[in-house]
Amino acid sequence: MPAVSGGKFVVVGGASLLGSHIGELLLQADAREVVLLDNLALGSTDNIQSLLSDGRCTFVRGDILRLNELFDPFAGADGVFNVAGFLTAPIAANPWMGIDVNVRGAQNVLEACRVQGVKKMIFSSSTGVYGGLGDEPNDENSPLRWGDLPPALVLYCTSKVMGEGLARLYQQRYGINCVSLRYSAIYGERQHKRAIDATRMVEAYERIRSGQPPIIQGDGNQLQDYVYVGDVARANLLAMERNVSGEGITIATGVNTSQAGIVDLIVKACETDLKAQYSDDVTSKPSPATRPVFGREAAKRLLGWEPAVSIEEGIRRLVAWLDQERASTKTV
Ligand SMILES: NC(=O)c1ccc[n+]([C@@H]2O[C@H](COP(=O)([O-])OP(=O)(O)OC[C@H]3O[C@@H](n4cnc5c(N)ncnc54)[C@H](O)[C@@H]3O)[C@@H](O)[C@H]2O)c1
């Protein structure tokens, strides 16, 4: 399997939250060349300025819906990380584009790998492939339960199932080694507002820094398994280097934090005396009874991966980055 040190790697969707962190780790791990490819539909080159100051790293503006734009950047690549995708919120806003990017785009990336003889592709999937979560642990053997989910979420979940299916097909038919990594809710530095759960972190931060109490929606008991972006990027490098392929692997912490708990951690990291307020929005529903319980045994067994950054530490890092961003925009 391709060693990162000395190799050439393409990060498709390289200007994203996750793509920028994968690029950073590749450079730290002595990759020879790192290409960050993105059409900037959702990401921004602001995310990757510091990476581009390293002479080994280049940015290519390219669209995965245009197969021809992938051939040159993929030439001579040892491995490709396909991070590009539309999350549920952008799919809800533009389902045509979202499905195209998540499905046809994923196929184009595989096709360009085939034409250019790329040895391995790591696909950014989601725990969404399990759909609605039951109370029992959800792991690689869990079925897709989609009956009660909102339509845009069903489209997102099934588009990731399609992406994984295409990866398996290309592995079977053309021998391209593929691994699909199924992430829970990612958060961290360079956080955007497209991920529904992590968006609340940024909203709480923004209210606090503008002197207002942060708001907890509903009863605040809604649970989520938040995984730190640097840990997810590390899982990607392990999946590239390890002798593993044809697998779909859950990348989650196995630890749940409530919405109220997240707001509390943001309050602490911001060192404010402001107290959180519960929203009196009567349309806010109480939290569903289900709780995400993700098994991460396969990640440990196949990749030697375990999360390293706790939610407390991850939130501290996020707040430090948000403070830095705020200070730099104030001085412009
Ligand atoms: N953020 C999460 O909580 C989360 C959870 C589970 C899975 N994932 C998956 O992980 C991946 C990365 O998530 P993220 O939050 O970093 O995403 P993001 O929204 O920050 O980035 C997606 C990137 O894809 C790019 N892109 C979109 N269409 C493109 C196209 N046609 N051609 C080239 N680039 C294109 C966007 O410009 C953007 O930079 C996604 O595939 C997402 O579905 C994310």
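Higher on the page you've got the structure.
Every value quoted in this text rests on a predicted model; they were computed, and no experiment measured them.

Examining the sheet that holds strand E5 (residues 120-126)
What holds strands together in a sheet is hydrogen bonding between their backbones, with the strands either parallel or antiparallel.
And then number 1: In spatial order, the strands read E3-E2-E1-E4-E5-E6-E11; together these seven strands make up an open sheet with parallel pairing. The strands lining the two open edges of the sheet, one partner per strand, are strand E3 (57-61) and strand E11 (247-251). Mean inter-strand twist for the sheet, computed between neighbouring axes without regard to direction, equals 20°.
And then number 2: Where strand E4 (residues 79-82) and E5 come together, four bridges link them in parallel fashion. Along E5, the bridge assignment pairs Phe81 with Ile122.
And then number 3: Contacts from helix H1 (residues 17-28) reach strand E1 (8-12), strand E2 (33-38), E3, E4 and E5 within the one sheet, and its direction differs from that of E2 by about 170°.

Section: helix H8 (residues 229-241)
And then number 1: If you check H8, its first and last C-alpha atoms are 19 Å apart, about what 13 residues at 1.5 Å a residue would give, namely 18 Å.
And then number 2: Most of H8 sits out of view: twelve of its 13 residues are buried.
And then number 3: Listing the buried residues of H8 in full gives Val229, Gly230, Asp231, Val232, Ala233, Arg234, Ala235, Asn236, Leu237, Leu238, Ala239 and Met240.

Examining unusual backbone geometry
And then number 1: Unlike most non-glycine residues, Leu40 shows phi in positive territory, near 60°.
And then number 2: Tracing the backbone through its elements, the reader meets Leu40 in the loop between E2 and helix H2 (49-52).
And then number 3: Located in the positive-phi region is Arg190, a residue other than glycine, with phi close to 70°.
And then number 4: Looking at the secondary structure, you find Arg190 in the loop between strand E7 (185-187) and helix H7 (196-209).

Comments concerning the environment of Gln259
And then number 1: Turning to its location among the elements, Gln259 is positioned in helix H9 (residues 259-270).
And then number 2: Judged by the 22 C-beta atoms lying within 10 Å of it, Gln259 is buried.
And then number 3: Aside from chain neighbours lying at most four places away, what touches Gln259 is Arg200, Ile216, Gln217, Gly220 and Gln222.

Side note on the nonpolar core
And then number 1: The biggest cluster of nonpolar side chains holds 92 residues, and the ones touching the most others in it are Val11, Val12, Val80, Val109, Met121 and Ile266.
And then number 2: Shared between two domains, this core takes at least three residues from each, and those domains are domain 1 (8-187 + 227-253 + 296-308) and domain 2 (196-222 + 256-292 + 315-327).
And then number 3: Here Ile266 is in contact with Met201, Ala204, Tyr205, Ile208, Pro214, Ile315 and Val319, once residues within four sequence places are set aside.

Overview of the environment of Gly76
And then number 1: With respect to the secondary-structure elements, Gly76 resides in the loop between helix H3 (68-74) and E4.
And then number 2: What makes Gly76 partly exposed here is the crowd of 14 C-beta atoms within 10 Å.
And then number 3: Spatially, the C-alpha atom of Gly76 lies 7.1 Å from that of Lys8, the residues being 68 residues apart in sequence.

Comments concerning the site of the ligand
And then number 1: In the neighbourhood of the ligand, 29 residues make up the surrounding shell, with Gly13, Ser16, Leu17, Gly43 and Gly85 lying closest.
And then number 2: When residues of the shell around the ligand are traced back to their parent elements, those giving at least two are H1, helix H5 (95-116), E5 and E7.

About the thresholds
- Residues numbered from 1 in each chain as written.
- Predicted model: local features only at pLDDT ≥ 70, side-chain atom pairs only at ≥ 80, totals over all residues.
- Pairing = 2+ DSSP bridges.
- Helix = DSSP H or I, 4+ residues; strand = E, 2+ residues; numbered from the N terminus.
- Axes fitted to C-alpha atoms, helices over the stretch in contact; angles between N-to-C directions.
- Contact = placed C-beta atoms within 7 Å.
- Expected span 1.5 Å × (residues − 1).
- Buried ≥ 20, exposed ≤ 12 C-beta atoms within 10 Å, placed from the backbone.
- Core = buried A, V, L, I, M, F, W, Y, C linked by C-beta atoms within 7 Å.
- Domains from an automatic or database assignment.
- Near = placed C-beta within 6 Å.

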